[in-house]
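# Understanding the architecture of this molecule
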Amino acid sequence: DPEKDTLGKSVFYDAQRTIGVPGLTEVRTVKVYRVEGTDGDGATKLAEELFHEPIDQTYKVDQLLIQPATLFHRAANAVSQRMFGRTIFHRPNSVVEIAYKPGVMDPDAGPIAKAASNLGVPVDAVTTSTKYAFYGNVRKGVVDQVVHRLLVNKTVQRIITEKPETLLIRGEPGPVETIPIRGVSDERLMEISGRGLALNVDEMKAIQNYYIAIDRDPTDVELEIFGAYWSEHCVHKTFKSPIEVNGQVKPPFLDRLRTASQEQSGDLVISAYEDNSGVIDFYEGKAIHGKVETHNWPSAREPFGGAATGTGGVVRDILGTGGGARVISSTDMFCLAPPDMDPADVPQGCLHPDYLTRGVVAGVQMYGNNLGVPTNNGSLHFDRRFRARPSVIVGAYGILDKEQAKKGKPQVNDMVVVIGGRTGKDGLHGATFSSRATTEKSQALESTAVQIGNPIEEKRVSDVIDEARQVVDEAGKRGLFHAITDCGAAGLSSAVGEMGEDIGVTIDLKQVLLKYPGLAPWEILLSEAQERMVMAVDPNNYDALIELCTKFNVEATVLGRFDGNHRFNVRYGDQVVADLAYDFLRHGLPKRVLKAHYEKEIFEERAIPPPEDNNGWVDTIKKVLAHGNVCSKQPVVSRYDHGVQGTNALAPFSGVHHDGPNDAVVLTPILGKPYGFVQSHGLNPILNVIDPYHGTRWAIAEACANYVAVGGDITQAAWINNVIWPGTDEKSLGSLDRSIDAVRDCIKKLKVPVVSGKDSLSSRQKSGDEVIDIAPVECISMFGRIPDVAKTVSSDIKNTGTSLYLIGKPDRAMGGSTYYDIHGQIGNEVPKVDLELLPEVYRGMYDAIQTGEVHACHDVSEGGLITTIAEMCFGGDVGVTIDLNHNQEEDGWTPVEKLLNETPSCFVVEVVDDETTKRLFGELPHMKLGTTKQEKTITVAHVGQQLFTASVDELKQAWQTPMQKIFP
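Residues numbered from 1 in each chain as written. Predicted model: local features only at pLDDT ≥ 70, side-chain atom pairs only at ≥ 80, totals over all residues. Heavy atoms only, no water.

### Considerations on the pattern of salt bridges
Applying the stated rule across the entire model yields 66 salt bridges. A salt bridge links D796 to K798; the shortest N-O distance between them is 3.7 Å. Residue D796 is classed as buried on the basis of its relative accessible area of 7%. Judged by relative accessible area, K798 falls into the partly exposed class, the value being 37%. Close ionic contact of E897 with R812 constitutes a salt bridge, the shortest N to O distance being 2.9 Å. Highlighted residues: E897 in helix α29 (residues 895-900) and R812 in the loop between β32 (803-807) and α26 (818-822), separated in sequence by 85 residues. Through salt bridges that share partners, K250, R256, D737, D741, R744 and D745 make up one connected network. (Salt bridge = Lys/Arg side-chain N within 4 Å of Asp/Glu carboxyl O. Buried < 20%, exposed > 50% of the residue type's maximum accessible area, 1.4 Å probe, protein only. Helix = DSSP H or I, 4+ residues; strand = E, 2+ residues; numbered from the N terminus.)

### So, the pairing of strand β29 (residues 764-767)
One ladder, built from four bridges, connects β29 with strand β30 (residues 770-773); its direction is antiparallel. Paired with R764 across the two strands is D773, which belongs to β30. If you look at the hairpin formed by β29 and β30, you'll find two residues sitting between the two strands, and G768 has a positive phi there, around 65°. (Pairing = 2+ DSSP bridges.)

### Things to note about the pairing of strand β35 (residues 907-911)
Most of β35 sits inside the fold, with five of its five residues counted as buried. On β35, burial covers both faces: F907, V909 and V911 on one face and V908 and E910 on the other are all buried. Two elements, strand β33 (residues 856-859) and β35, share four bridges in a ladder whose sense is antiparallel. Across the sheet, the residue bridging to D859 is F907, located in β35.

### Examining the nonpolar core
W719, L750, M845, F907 and F921 are the most contacted members of the largest nonpolar core, which has 61 residues in total. At eight residues, helix α24 (residues 692-709) tops the list of elements feeding residues into this core. Counting residues in each nonpolar core, the second largest holds 59 residues, with Y229, V505, L525 and F584 among its members. (Core = buried A, V, L, I, M, F, W, Y, C linked by side-chain atoms within 4.5 Å.)

### A short note on the environment of H657
Looking at the secondary structure, you find H657 in the loop between β23 (653-654) and β24 (660-661). Between the C-alpha atom of H657 and that of F134, which follows or precedes it by 523 residues, the distance is 38 Å. Beyond its immediate stretch of four places on either side in the chain, H657 contacts D877 and K956. A polar contact is formed between the side chain of H657 and the side chain of D877, at a distance of 3.4 Å. (Contact = heavy atoms within 4.5 Å. Polar contact = N/O pair within 3.5 Å; in protein donor to acceptor, adjacent residues only side chain to side chain.)

### Some words on empty space enclosed by the protein
Applying the stated criterion across every chain yields a total of six cavities of 30 Å³ or more. Volume-wise, the largest cavity comes out at about 710 Å³. Taken together, the elements giving at least two residues each to the lining of the largest cavity come down to β10 (326-336), β11 (375-382), α22 (634-637), β26 (676-682), α24, β33 and α28 (864-876). Top element by residues in the lining of the largest cavity is β11. It accounts for seven residues. A breakdown of the residues in the lining of the largest cavity according to their chemical character gives 14 nonpolar, 16 polar and seven charged. (1 Å grid on protein atoms, 1.4 Å probe; cavity = no way out; pocket = protein on both sides within 12 Å on 5 of 7 lines; lining within 4 Å. Points joined across faces, edges and corners; volume = space filled by probe spheres on them. Nonpolar A, V, L, I, M, F, W, Y, C, P; charged D, E, K, R; others polar.)

### Description of the side chain of N454
Mapped onto the secondary structure, N454 falls in the loop between α15 (442-445) and α16 (455-470). N454 sits in the buried class, given a relative accessible area of 5%. Discounting chain neighbours no more than four positions away, the residues touching N454 are M105, P107, P111, Y367 and E531.

### Section: the packing of α16 against helix α19 (residues 542-551)
Two numbers describe how α16 lies on α19: the axes approach to 9 Å, and their chain directions differ by 145°. Crossing angle aside, the handedness with which α16 passes α19 is right-handed. Residues V464, E467 and A468 of α16 lie in contact with α19, whose contacting residues are L545, L548, C549 and K551. (Axes fitted to C-alpha atoms, helices over the stretch in contact; angles between N-to-C directions. Left-handed = near helix turned anticlockwise from the far one by under 90°.)

### Quick notes on the state of the cysteines
A full pass over the atoms with the stated rule returns zero disulfides. As a non-bridged cysteine, C335 has C779 as the owner of its nearest cysteine sulfur, 7.7 Å distant. In this structure C335 comes out as buried when scored by relative accessible area, which is 0%. Here C906 is not disulfide-linked; the sulfur of C857 is the nearest cysteine sulfur, at 11 Å. (Disulfide = S-S within 2.5 Å.)

### Points about the sheet that holds strand β27 (residues 717-724)
The six strands lie next to each other as β22-β25-β26-β31-β27-β28, forming an open sheet whose pairing is mixed. The outermost strands of the open sheet, each flanked by one partner alone, are β22 (648-650) and β28 (754-760). Sheet twist, expressed as the average angle between the axes of neighbouring strands with direction ignored, equals 20°. Alignment of β22 against strand β25 (residues 665-667), held across two bridges, turns out to be antiparallel. In the strand pairing of β25, N648 is matched with L667. The sheet strands contacting α24 are β26, β27 and β31 (777-786), and the helix crosses β31 at an angle near 25°. Across the sheet, helix α25 (residues 730-750) lies against β27, β28 and β31, angled at about 175° from β27, the strand it touches most.

### Considerations on α19
Inspection of α19 places L545, L548 and C549 among the buried residues, and these make up the whole buried set. Mapping the buried residues of α19 onto a view down its axis gives an arc of 100°, with all of them on the same face. Projecting away from the buried face of α19 at angles above 90 degrees are the exposed residues D543, E547, T550 and K551. Each element contacted by the buried residues of α19 is listed here: β13 (415-420), α16, β17 (532-537) and β18 (556-561). Of the residues flanking the end of α19, it is N553, one or two places downstream, whose phi is positive at about 60°. (Arc of directions from axis to C-beta.)

### Some details on the packing of aromatic side chains
In the structure shown here, the tally under the stated rule is 18 aromatic pairs. A ring pair is formed by Y397 and F783, whose centres lie 5.3 Å apart and whose planes are at 55°; its orientation type is tilted. Here Y397, found in strand β12 (residues 391-401), pairs with F783, found in strand β31; they are 386 residues apart in sequence, far enough to count as distant. Taking 5.7 Å as the distance between ring centres and 25° as the angle between the ring planes, the aromatic pair formed by W617 and F948 counts as stacked. Taken together, the residues W617 in helix α21 (residues 614-626) and F948 in strand β38 (residues 945-951) connect sequence positions 331 residues apart. Under the relative-accessibility criterion, W617 is labelled buried at 4%. In this structure an aromatic cluster arises from ring pairing among Y210, Y211, F226, W230 and F584. Above the ring of Y135, the side-chain terminus of R28 is found at 5.0 Å from the ring centroid. (Phe/Tyr/Trp six-rings, centres within 6.5 Å; stacked < 30°, edge-to-face > 60°. Lys NZ or Arg CZ within 6 Å of the ring centre and 35° of its normal.)

### Examining the environment of D796
Structurally, the position occupied by D796 is in the loop between β31 and β32. C-alpha of D796 to C-alpha of N662: the two residues are 134 residues apart in sequence and 8.1 Å apart in space. Contact partners of D796, with chain neighbours within four places excluded, come to S654, G655, H855, A856, M872, G875, G876 and E910. At a separation of 2.7 Å, a polar atom in the side chain of D796 contacts the side chain of S794.

### Thoughts on the packing of α28 against helix α31 (residues 952-966)
Contact geometry for α28 and α31: axes closest at 10 Å, N-to-C directions at 105°. The angle between α28 and α31 places the two elements in the roughly perpendicular class. Contacts between α28 and α31 pair E871, C873 and F874 from the former with V952, L955, K956 and W959 from the latter. Looking at the contact of α28 with α31 residue by residue, the classes come out as five nonpolar, no polar and two charged. (Parallel < 35°, antiparallel > 145°, perpendicular 65-115°, else oblique.)

### Observations concerning the confidence of the model for the protein
Per-residue confidence for the protein gives a mean pLDDT of 92; residues scoring 70 or more make up 95%. Throughout residues 78-89 the model reports pLDDT below 50, and contacts reaching past four residues in sequence, or to other chains, amount to 17 contacts. Low pLDDT (under 50) marks residues 431-447, which in the prediction has 51 contacts with non-local residues, meaning those over four places away or in another chain. (pLDDT = per-residue confidence, 0-100.)

### What about the environment of G892?
If you trace the backbone, G892 turns up in the loop between β34 (879-883) and α29. Sequence-distant contacts of G892, defined by excluding residues within four places in its chain, comprise R812 and E897.

Here is the structure:
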């Protein structure tokens, strides 16, 4: 039904919005299913019972639903357009069919094959594609623009021009190569490293010396193991190395964070820095797990698949922690270039930010919604510095019995069991590619390092783990496995290899279930194909595990055993393809002392004339509210099923029309209980360009402010620290050193530990002579427990005639503010939070909210005080009268500084009257702002003079429109 073709309508809208195609009248889409290995009756049965929805879809078997375009029909359409202003011909102007490339994971293919088998119609192979039919008077060149900018990503997709002869992928694995390495020159060593290992000359020489000592040369499989095992992505060698900063040698970044956190862990932290996620105590014998990851490089190449598999990966991190936790929430934070960027400004080989923005949102939407995990916290940040490499951050949280929350260890004679998806060439060299800078050629050269996820498969896998965790074996021990982990970066090489580090393991790659034949042993071992989990299983529990896998339609296979020989032994049938001593694999990486240099960069800063009159103020505020970093993200959030498990005690949006943004979410992971779980985050990359130390403190203060604003207690919470930096050169490391020191100082002052995190230190793009660095990202995610979810508060104003107060101590600096950005400058001084005062402010806010006398609370963040007040009005559907002359300590502050300054950890609260405020906040810095009113206007005065009056509805429209254009 064309009227219900939402995909076609979306393509039509996006084509008009981003490119402008005046002659285009309509876009229709057809889903194409190709099956091999069944007859016409079988195909008809699949079409009737599996492929089509009879309510609003029709189908044909071995026939075209849309006839192809011809030159005659294109010409006739053009004439019709000129004569009648519309197209009267049934045939389209152009038809384009798009499918995944052979070997790229098609998420629909596996479930279709299984469903077909269940229907009694087994098939040999399945592929899917989509046909797009364009109607109207449109030149082919314009259609090509639409197709290549909006629809097809050449990294993983192709345009179908003729019917394939077969859907089967055939091939024979190549031989295992022995690579001569002993006695070769340094230049030759680096040539070998260049095949995808991404190791430096010192690391290659260490490997060379190892093989000289054991008197043989390595296999290609062994070299690939070293490349993955010693990659920045897997081993975090930069974070573990001492560093000399401006001549002073300092401890490794990781040591600084770990030492400071251990001092603050107390009884709250159950597991940190040792498993796939951090774990803190909850209530009634339960524990909460948290993990946040980056998926920058894959998302830059293929945003839909990159973001989707990023979400799938952090979910598997939760499933692979302790005894396998149940996932209760996910989150996403995206840093991208502005979607309206001129295509000419996009570096060669990079994707347009409009495509990226829609792609990463669609990826998280598809994965989380299909998996049944709510995505209920996140943010979008836009800056030109992300035009070459986006920062795509995804997180997940889970719950598990505390007794099963500690990392498990395999026992001698345990079986190595892999469950879940099959293995293909997906993600090859993903770990090493994500550990280095890219060039304009990267998209073509590194296409195999992109994965496409299958959330339905992951849901089945999670169901297996959930039941296997609860089974009590003959010895009275819970769980059918001793240890579990996921296949992430470097695939089986990392998952099996790391699991066997303390005991030794032997596996046979011929036992791995493949998507198609023809994979070389090293490809099987390194593949980052999704939805796979590795378990250490007692042989006595194997049959029970297989029974569960059969119940949930999950494939499982035994690869080998943990044998106690303290070696990583990999076979391919009868052939030994890798045999490495763990002692060298784990400890042979050459030690190094990094060098760093920091010197604050000074930016041009000019005076900005303040708004002159009412219209000037209203226009300025509308521009701030419409800025990509400030505007409403509800059109994005509404695409995620953030309430799927029914646990939202405080949703992302609330208020009269359910469109007032809240600062954090509060969940009740155990339904029917009063206690809950709070999650928030903070980041502001542009501030790190100006001052990485205070920019990082800003991000931490923002995460805490969001957490506290809803009623959270920071003493019952922990942080996850994610660092995304341009590179590991001296300049980048100098700014990173400042950021890490800021995290350490905040840990000590606020007494909140970091329990997990990830560093991604390769967000640099070389495009011709230009080197494009991202704005450094310090993302702090915060999660913890709260005893009573009823004692939380939302941001929307609840009443009229009540008082609004500002709680906290603003700083006068405006650097990095939205106000500066809309005037084309960055500034040199960022708002600085008072670390000595913050603990008192957070405790005072928590105590006040617990009384129930704070009717609404919203923190000051991007967009400043006026944005905070406006958003509270949007949620409450009311207005306010503000007087900025109440605080005598701020003499000399301009109205711009008061309204548009972005100091975090300042709060606007709604209370009944002034007396209540004095009783609740008398010991904290506080300033009366004004009163709420029924009339939906925001009126602001300063020093007895009215600055402006603005319509709440007009401001709200400016705030809501930008994302509505991208996500209608």
